[in-house]
Amino acid sequence: MKVMNRTTINGLMMGLFLSIVLSTYLPPVMLAVVGILMVFVYRDRWTANEWPEKTFLGFIILSCISWVYNPSWFYWVPIGIIPIVMFGLYYSLSLWVRHVVKWSWPEVQRAYLFFWLAGLYVALIVIIQQIDWHVINNSLGPLMDFYREHRWESEHSVRSVGTSGNSNLAAALLICFALMSIYAMSVLKKPWQKVGAFAVFILYCAAIWCTGSRGAWVGLVIGMIVQLWMTGHRKRTVSITLAILLFVYLCPQFIPRKESLYATIEVRLKVWSTALEIFKENWLFGVLPLHFGQLFAKMAGFYVWHAHNIFLGIASEYGIIGLGLFLILIFMTIRRARRWRKQANQKEEKRLAGMLLSLIIALLGHGMYDYPIIAPQVGLMFMLSVIMIHTQYERRCLCKPVWDEGSKAQVSEWAMLKKVITAAVVWLKSGPLRVLINLASGGYRKRA
């Protein structure tokens, strides 16, 4: 492998994180840059039997088979090319993080704290979109016009869309940044830093409210519970969970857009039932993204991009095989995150494992009512968390960590000392010690 400057590598990773914040068009560009660098820089063996690389390769193969079995086009482009390229870029990203970046957990911590602060840009854009003030409109007019012109909402809405063009996608980003705020409160040392992290958490919650997303609150609560559970405070986690449920029961008016809840559920049920029919007709290999919308329009009479449920969406787009691949990946990620947390010897590292896992579970919780990881921004955030967990698990649990070598050496020295002492005791029992015992008891007779 050609040697790359560490500053360049770290700069590329920071650019990857910033691309998630700035625009929905930048993450594929940064992923393509990483993929091209891997082709021209990385000269070692491209692994195919590691996690999560084997999952990405599985989806690439499945996408090829699905398209050959059920060919479809999007503006004269074979639809199968799109998921093949995206999973290929995720595969190269995983190799890049493992073999080129090689971050230790403190470096991962610094990167995510930087990412957490950069997320304030998304929160400010979301809040400004709700403020009709000529001073802001005049000073930030071109920027706000750019995000306004690239809205992906299916209907006209006053909900903020942030930098994602869609209110639900913006909410998915914000719940992740809010969970990072909880992590920051637990690892930052100074009192003013903890107070500042709490204030940032409130700001992110206010931004989530501006998006009008109901599923985001579900994802945020589930992510908070996971993060608290991973700290080891089980009783505190149960108490906070019950308090949240009681608050929702007593104050249902805090549910955003409560007046449209029934109508939204009615539409969602129609989408889910049609998506289920598409899955039944293509249960083995699925129909792939984009082609799902084409089939849905023929069956339901109106167009939607996806199934508005992450598991139903994967099942209909990639079949039962793809759903199995995804569930195995989630299971292995949760398992490895828990083992990494148990093996870590510092509180900050343990909390880092919990925070990364909480991002994944929160997006899955949000995905019960939407399909956010299909978008480039949220999908990259999701996959980065998965990749970071697996790489840090391997550094901590499959390799000898630096902090553990001293204790292993002490254990080996103590074992050697025990062997010496045991040998000495055996020799004394069989030789001189036995003679002394016989003399003391009068059982030893001198030969004539």
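Each remark here, short or long, concerns the structure printed above.
We now turn to the structure provided with this report. Keep in mind it's a predicted model, so treat the numbers as computed, not measured.

Quick word on the overall build of the chain
Next up, step 1: Counting secondary structure elements, the chain contains 19 helices and 2 strands.
Next up, step 2: Buried residues in the chain amount to 48% of all 448 residues.
Next up, step 3: Counting contacts in the chain only where the partners sit at least 6 residues apart, residues at least 24 apart contribute 76% of the total.
Next up, step 4: Summing over all exposed atoms, the chain offers an accessible surface of approximately 22900 Å²; the carbon and sulfur share of this is 68%.

Some thoughts on the side chain of R98
Next up, step 1: Looking at the element boundaries, R98 is found in helix α4 (residues 81–101).
Next up, step 2: Within the structure, the side chain of R98 is placed 2.8 Å from the side chain of E394, a separation counted as a polar contact.
Next up, step 3: Filtering out sequence-adjacent residues up to four positions away, R98 remains in contact with E50, W51, P52, E53, T391 and E394.

A few points about the pattern of salt bridges
Next up, step 1: Taken as a whole and judged by the stated rule, the model has 6 salt bridges.
Next up, step 2: Residue E394 is joined to R98 by a salt bridge in which the shortest nitrogen-to-oxygen separation is 2.8 Å. Of this pair, E394 sits in helix α17 (residues 376–398) while R98 sits in helix α4, and the two are 296 residues apart along the sequence.
Next up, step 3: Given a relative accessible area of 13%, R98 falls into the buried group.
Next up, step 4: The partner of E394 in a salt bridge is R336, and the shortest N-O contact between them spans 3.6 Å. Linking E394 in helix α17 with R336 in helix α15 (residues 310–343), this pair joins segments that are 58 residues apart in sequence.
Next up, step 5: For E394, a relative accessible area of 10% gives the class buried.

Some details on the nonpolar core
Next up, step 1: Within the largest apolar cluster, 110 residues are counted, with the highest numbers of intra-cluster contacts made by L93, W96, Y112, F382 and M388.
Next up, step 2: Here the element with the most residues in this core is helix α9 (residues 167–187); it accounts for 16 residues.
Next up, step 3: What L93 contacts, discounting residues up to four positions off in sequence, is L16, L31, V34, L380, L384 and I387.
Next up, step 4: In this structure, A275, I278, A300 and L312 belong to the second largest nonpolar core, which totals 11 residues.

Looking at helix α16 (residues 347–366)
Next up, step 1: Along its 20 residues, α16 runs 28 Å from first to last C-alpha, staying within 8% of the 28 Å computed at 1.5 Å per residue.
Next up, step 2: Of all 20 residues in α16, 18 are buried, a share of seventy percent or more.

Considering a nonpolar patch on the surface
Next up, step 1: Judged by side-chain polarity, L18, L22, L26 and F114 come together as a nonpolar surface patch covering roughly 280 Å² of accessible area.
Next up, step 2: Considering the arrangement of structural elements, one finds L18 in helix α1 (residues 6–22).

Points about the packing of α9 against α17
Next up, step 1: For the pair α9 and α17, interaxial distance at closest approach is 9 Å and the crossing angle is 30 degrees. Considering their axes alone, α9 and α17 lie roughly parallel with respect to each other. The element α9 and its partner α17 pack so that their crossing is left-handed. The segment α9 lies against α17, with L169, A172, L173, C176 and F177 engaging Q377, V378 and M381.
Next up, step 2: Of the residues belonging to the contact of α9 with α17, the class tally is 7 nonpolar, 1 polar and no charged.

Rules and cut-offs
- Residues numbered from 1 in each chain as written.
- Predicted model: local features only at pLDDT ≥ 70, side-chain atom pairs only at ≥ 80, totals over all residues.
- Heavy atoms only, no water.
- Helix = DSSP H or I, 4+ residues; strand = E, 2+ residues; numbered from the N terminus.
- Buried < 20%, exposed > 50% of the residue type's maximum accessible area, 1.4 Å probe, protein only.
- Contact = heavy atoms within 4.5 Å.
- Areas by Shrake-Rupley, 256 points an atom, 1.4 Å probe, with all protein chains shown as cover.
- Polar contact = N/O pair within 3.5 Å; in protein donor to acceptor, adjacent residues only side chain to side chain.
- Salt bridge = Lys/Arg side-chain N within 4 Å of Asp/Glu carboxyl O.
- Core = buried A, V, L, I, M, F, W, Y, C linked by side-chain atoms within 4.5 Å.
- Expected span 1.5 Å × (residues − 1).
- Patch = residues over 30% accessible without salt bridge, like charges linked within 9 Å, V, L, I, M, F, W, Y side chains within 5 Å.
- Axes fitted to C-alpha atoms, helices over the stretch in contact; angles between N-to-C directions.
- Parallel < 35°, antiparallel > 145°, perpendicular 65-115°, else oblique.
- Left-handed = near helix turned anticlockwise from the far one by under 90°.
- Nonpolar A, V, L, I, M, F, W, Y, C, P; charged D, E, K, R; others polar.

Keep in mind these numbers describe shape, not what the thing actually does.
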